[in-house]
Amino acid sequence: MPLRYLAVSYAWGDHNRTKLLKLKTGECIPITSSLHDAIPQFVARAVKFDYRLMWIDQICTDQNNLRELGQQVALMQDLYAAASMVTIWLG
């Protein structure tokens, strides 16, 4: 059975305006303010349609690893095409 997930696309916004996102592991990662503001909408959409997984590039990809970034950019078309649903946030 294919993996069922919600992929999100959004306007990154100002890279200098960040907020911390606390993960379930207790680790905090910086994300743009735009993404921080959008996350409640993404979660509401995921709950409404019973998605337990989301793919958000800024969180799922190590933004400090240029090699990983390059690999992920090359896979983005496939990641969005394989998603069960794609939702968009323009800010």
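Residues numbered from 1 in each chain as written. Predicted model: local features only at pLDDT ≥ 70, side-chain atom pairs only at ≥ 80, totals over all residues. Heavy atoms only, no water.

Please set out the sheet that holds strand E1 (residues 6-10) residue by residue, giving values where relevant.
Spatially, 3 strands are ordered E4-E1-E5 in an open sheet, and the strand pairing comes out parallel. Only two strands of the sheet have a single neighbouring strand rather than two, namely strand E4 (54-55) and strand E5 (85-89). Pairing analysis gives 2 bridges linking E1 to E4, with the strands arranged parallel. Across the sheet, Leu 6 pairs through a bridge with Met 54, a residue of E4. Against the sheet, helix H1 (residues 33-48) makes contact with E1, E4 and E5, and its axis sits at roughly 145° relative to E5, the strand it touches most. (Pairing = 2+ DSSP bridges. Helix = DSSP H or I, 4+ residues; strand = E, 2+ residues; numbered from the N terminus. Contact = heavy atoms within 4.5 Å. Axes fitted to C-alpha atoms, helices over the stretch in contact; angles between N-to-C directions.)

So, helix H3 (residues 66-82): which residues are in play, and what are the values?
Its 17 residues give H3 an end-to-end C-alpha distance of 24 Å, which sits within 8% of 24 Å, the value for a rise of 1.5 Å per residue. Those residues of H3 that fall on the buried side of the exposure criterion are Gln 72, Met 76 and Leu 79. Of the surrounding secondary structure, the elements contacted by the buried residues of H3 are E4 and helix H2 (57-60). The opening residue of H3, the one whose side-chain oxygen lies 3.1 Å from the backbone nitrogen of Arg 67, is Asn 65. (Expected span 1.5 Å × (residues − 1). Buried < 20%, exposed > 50% of the residue type's maximum accessible area, 1.4 Å probe, protein only. Polar contact = N/O pair within 3.5 Å; in protein donor to acceptor, adjacent residues only side chain to side chain.)

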